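Okay, here's what each chain looks like letter by letter:
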Amino acid sequence: MSSWTSCVSFKCGNSLGCLNKVPTKKTDKFARRLSFFPSQHVKCMRCTLDTRCSALKGVFRVPASAAARYSDFSSQIRSVLGTLASSVVFKSFFLIYRTKRCVAYINDACCHSTPNHHPENQTNHTTPDTPPNLYFFSSNPYKNSFNSDFFIAPISFLSSNMAGTGLFAEILDGDVYRYYANGEWKKSSSGKSVSIINPTTRKTQYKVQACSQEEVNKVMDLAKSAQKLWAKTPLWKRAELLHKAAAILKEHKAPIAECLVKEIAKPAKDAVTEVVRSGDLVSYCAEEGVRILGEGKFLVSDSFPGNERTKYCLTSKIPLGVILAIPPFNYPVNLAVSKIAPALIAGNSIVLKPPTQGAVSALHMVHCFHLAGFPKGLINCVTGKGSEIGDFLTMHPGVNCISFTGGDTGIAISKKAGMIPLQMELGGKDACIVLEDADLDLVAACIIKGGFSYSGQRCTAVKVVLVMESVADALVEKVKAKVAKLTVGPPEDNCDITPVVSESSANFIEGLVMDAKEKGATLCQEYKREGNLIWPLLLDNIRPDMRIAWEEPFGPVLPVIRINSVEEGIHHCNASNFGLQGSVFTKDVNKAIMISDAMETGTVQINSAPARGPDHFPFQGIKDSGIGSQGITNSINMMTKIKTTVINLPSPSYTMG
Ligand SMILES: NC(=O)C1=CN([C@@H]2O[C@H](COP(=O)(O)OP(=O)(O)OC[C@H]3O[C@@H](n4cnc5c(N)ncnc54)[C@H](OP(=O)(O)O)[C@@H]3O)[C@@H](O)[C@H]2O)C=CC1
Ligand SMILES: O=C(O)[C@H](O)COP(=O)(O)O
């Protein structure tokens, strides 16, 4: 059976100007109306990232194996459109219906060339590679020049826009995504899969292979052999491949972003940003690697007391071997490439274990590296639940270094791992100390961006505000006004606040809110939750006996503690078991430096919210927030070891050195 996935797609764009405003909810309803498709065969792949009025707004995918059943759907789709037309909310479909030119093409490989020069219609609409049963239905917004209301979209149009199709089709086996080993996409012999739940719909969105321990063993062997050859590959060639991977990644930002929207409910625009940022990180890493790995050290012996210059010491950085990379759900692409790219440029191989929520985004990203042409076995990606294969991976004797980002799991890993270098980026309770002289408008803006972007699910999110009592009322009012403007809803609609990653996460956040409420906190907004969606909430008058004063909610709820002195703020910050980032807002630079010195965190931001980026800045946590430092340069260095060669001379030489 061909691995092609057949498609039924529609556009709700036309040249009459109303369609860009059609809320995506309507496309969902439209999907449901197509009830003649059994639900297991239909996935609504809303494609709202592209805001052109003519952009593809919805695609229904039908497995090739089931496609034959729908060969008579043309008349049915017409009748669905007819029904929809009776409803004013389906304005766009109404317009389409009124034209009565609704056409569906079935197995139609005929050519509808597009004479006009609009960029969208530049592609050749001949479909010689059309797989059997490719159904495509779409309105043509440029009917004046095209002289028809519908056209067959080229395969390439779909390929570059949808997860698991076109170039990405080979990573999917039926409805389960494959894992990647030895340069091939594979099905696990375990016969088991792991479901990925869409945080918005709370239904299974994707499935990935549950890799077995035997498969992990095999992957480790492959990675070990591939690394030996890769270490002998010239640095410029390693860099060249990384640049290629970066370009492919950025070119395919749309399907990867689509996965991020579906798997982790990242707002669509932020999802695209994550992919682009990741491509940039990979390129920067290639350049930085060429610079810093191209240099070594030359030492002479006579600088140490009692020595003549009879020894020349050459130092260089060599790879560690196999790097195990484990990123968290919230940046499954960016925090994966921040480990993969430094590892590869430094001559290491990679075994990636993506987070379950985010695994499909990561698999698409890995495919971009595959397409770039890296040697077989150098990059591998095993999927499965961390709770099931995590220990086996982290304690595997084939692993030479672990680069992990996540929560307390990292503390447990550090206790179990062998004598290998560890890079741990863990949780945080990033405090924001606000002094009396601070620019409160700036503070309020930073608190909103820092505390609520991606619904607070960032390790660097502002997680507690420590504000001087004298300005607390004014600040709380300003933040409240901004919270009221945050949009709440599905990630497809680019809302500011989207559902948190899981029901258990939402329950945990709710527990923190209820604890604070019972102990007398002031809820500045009404607490509201629907499924995994929690409305943004500012909690004022938080006291140290409340859990939320210390625990990391990883959600859109932000505690405010009123303080009476700077020392009180510093004390609260330092009493935390976390030490990732902190920030201080004041116009007095001397005070800012003093406070920065006193805060026991890896980074202090002066007059801005905590942030990891730009990605070449050093990034580290102390205490329970981590071990070691990230950031491109530090990660490359961390993934190497120093090798020295000493040339012993028969007699002192002062000609060199
Ligand atoms: N300091 C930093 O840079 C950052 C820290 N974080 C922190 O991460 C947390 C949220 O991320 P989240 O993904 O929930 O974190 P988790 O610690 O739950 O998971 C992180 C990764 O570890 C895997 N994992 C789970 N159990 C094991 C195990 N026994 N052995 C090995 N790997 C395992 C997970 O896989 P699976 O999904 O299959 O369980 C996932 O890939 C927050 O605390 C946040 O602060 C997040 C981003 C950045
Ligand atoms: O995982 C996280 O939370 C990221 O490290 C945050 O990155 P950012 O601060 O650059 O968004």
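- Going by the annotation in an unreviewed UniProt entry, the name recorded for the protein chain is NADP-dependent glyceraldehyde-3-phosphate dehydrogenase, with Psophocarpus tetragonolobus given as the source organism.
- Taken verbatim from the UniProt record of the protein chain, the Catalytic activity (unreviewed entry) comment is "D-glyceraldehyde 3-phosphate + NADP(+) + H2O = (2R)-3-phosphoglycerate + NADPH + 2 H(+)".
- Turning to the protein chain, the UniProt record has this under Subcellular location (unreviewed entry): "Cytoplasm".

### Some words on the nonpolar core
Okay, so step 1: Of all hydrophobic cores here, the largest spans 73 residues; its most connected members are L344, L352, M365, F369 and F374.
Okay, so step 2: Residue assignment places this core across two domains, with domain 2 (166–425) and domain 3 (431–620) each supplying three or more.
Okay, so step 3: Discounting chain neighbours no more than four positions away, the residues touching L344 are W230, R238, L242, I350, F369, F374, L378 and I379.

### Thoughts on the site of ligand 2
Okay, so step 1: Near ligand 2 you find R277, N330, Y331, L335, R458, C459, T460, A611, R612 and G613, and these make up its full shell.
Okay, so step 2: Note that an oxygen atom of ligand 2 is positioned 2.5 Å from one of the backbone N or O atoms of C459.
Okay, so step 3: Within the backbone of G613, a nitrogen or oxygen atom sits 3.0 Å from an oxygen atom of ligand 2.
Okay, so step 4: A class-by-class count of the residues in the shell around ligand 2 yields four nonpolar, three polar and three charged.

### Quick word on the UniProt feature "active site" (unreviewed entry) in the protein chain
Okay, so step 1: Under the UniProt annotation, "active site" (unreviewed entry) lies at E425.
Okay, so step 2: Examined against the element boundaries, E425 turns out to sit in strand β18 (residues 422–425).
Okay, so step 3: Looking at E425, the relative accessible area reads 2%, which means it is buried.
Okay, so step 4: Ignoring anything within four residues of it in the chain, the contact list for E425 reads F404, T405, G406, L580, F619, Q620, G621, S625, G628, S629 and Q630.

### Side note on the packing of helix α9 (residues 253–264) against helix α10 (residues 268–293)
Okay, so step 1: Across the interface, α9 lies against α10 with an axial gap of 8 Å and an inter-helix angle of 125 degrees. As summarised for this structure, α9 and α10 are arranged oblique, according to the angle between their axes. Remark: the crossing between α9 and α10 carries right-handed chirality. Seen from α9, the contacting residues are K253, I256, A257, L260 and V261; seen from α10, they are A268, A271, V272, E274, V275 and V276.
Okay, so step 2: Here the residues of the contact of α9 with α10 sort into nine nonpolar, no polar and two charged.

### Remarks on the pairing of strand β17 (residues 401–405)
Okay, so step 1: Counting buried positions along β17 gives five out of five residues, so the element sits mostly inside the fold.
Okay, so step 2: Covered by surrounding structure in β17 are C401, S403 and T405 together with I402 and F404, the residues of both alternating faces.
Okay, so step 3: Pairing of strand β14 (residues 322–326) with β17 involves four bridges; the strand directions are parallel. Note that in β17 the partner of I323 across the bridge is C401.

### A look at the packing of aromatic side chains
Okay, so step 1: Under the definition given, this model contains six aromatic pairs.
Okay, so step 2: Consider the rings of F298 and Y312, whose centres lie 5.2 Å apart with planes at 65 degrees: the pair is edge-to-face. A residue pair is termed long-range when its members are at least 10 positions apart, and F298 in strand β12 (residues 297–300) and Y312 in strand β13 (residues 311–319) qualify at 14 residues.
Okay, so step 3: Through a chain of ring-to-ring contacts, three or more aromatic side chains come together here, namely W230, F369 and F374.

### A closer look at the pattern of salt bridges
Okay, so step 1: Applying the stated criterion to the full structure yields 24 salt bridges.
Okay, so step 2: Measuring nitrogen to oxygen at the nearest pair gives 3.3 Å for the salt bridge that ties K186 to E184.
Okay, so step 3: Owing to a relative accessible area of 25%, K186 belongs among the partly exposed residues under this scheme.
Okay, so step 4: Here E552 and K463 are joined by a salt bridge, their closest N and O atoms 3.0 Å apart. Placement of E552 in the loop between β24 (537–540) and β25 (557–563) and of K463 in the loop between α15 (440–452) and β20 (464–468) is noted, with a sequence separation of 89 residues between them.
Okay, so step 5: The structure contains a network of salt bridges with shared partners spanning E469, D473, D540 and R562.

### A few points about a positive patch on the surface
Okay, so step 1: A surface patch of positive charge is lined by K224, K228, K232, K641 and K643.
Okay, so step 2: Accessibility expressed as a relative area gives 40% for K641, which makes it partly exposed.

### Some thoughts on the sheet that holds strand β33 (residues 640–648)
Okay, so step 1: Strands sit in the order β12-β13-β33 across an open sheet of three strands; the sheet is antiparallel. Each of the sheet's edge strands pairs with one partner strand only, and the pair in question is β12 and β33. Averaged over all adjacent pairs, the angle separating strand axes in this sheet is 25 degrees, with direction ignored.
Okay, so step 2: Two elements, β12 and β13, share four bridges in a ladder whose sense is antiparallel. Counted as the bridge partner of L299 is C313 from β13.

### Here's the deal with the confidence of the model for the protein chain
Okay, so step 1: On average, residues of the protein chain carry a pLDDT of 82, and 75% of them reach 70 or more.
Okay, so step 2: Contacts for the low-pLDDT stretch residues 1–160, under 50 throughout, to residues beyond four places or in other chains number 290 contacts.

Calculation criteria
- Residues numbered from 1 in each chain as written.
- Chains lettered and ligands numbered in written order.
- Predicted model: local features only at pLDDT ≥ 70, side-chain atom pairs only at ≥ 80, totals over all residues.
- Heavy atoms only, no water.
- UniProt positions renumbered as here; feature names shortened; annotations may be inferred.
- Core = buried A, V, L, I, M, F, W, Y, C linked by side-chain atoms within 4.5 Å.
- Buried < 20%, exposed > 50% of the residue type's maximum accessible area, 1.4 Å probe, protein only.
- Domains from an automatic or database assignment.
- Contact = heavy atoms within 4.5 Å.
- Near = heavy atom within 4 Å.
- Polar contact = N/O pair within 3.5 Å; in protein donor to acceptor, adjacent residues only side chain to side chain.
- Nonpolar A, V, L, I, M, F, W, Y, C, P; charged D, E, K, R; others polar.
- Helix = DSSP H or I, 4+ residues; strand = E, 2+ residues; numbered from the N terminus.
- Axes fitted to C-alpha atoms, helices over the stretch in contact; angles between N-to-C directions.
- Parallel < 35°, antiparallel > 145°, perpendicular 65-115°, else oblique.
- Left-handed = near helix turned anticlockwise from the far one by under 90°.
- Pairing = 2+ DSSP bridges.
- Phe/Tyr/Trp six-rings, centres within 6.5 Å; stacked < 30°, edge-to-face > 60°.
- Salt bridge = Lys/Arg side-chain N within 4 Å of Asp/Glu carboxyl O.
- Patch = residues over 30% accessible without salt bridge, like charges linked within 9 Å, V, L, I, M, F, W, Y side chains within 5 Å.
- Areas by Shrake-Rupley, 256 points an atom, 1.4 Å probe, with all protein chains shown as cover.
- Lys, Arg positive; Asp, Glu negative; His and termini not counted.
- Charge placed at Lys NZ, Arg CZ, Asp CG, Glu CD.
- pLDDT = per-residue confidence, 0-100.

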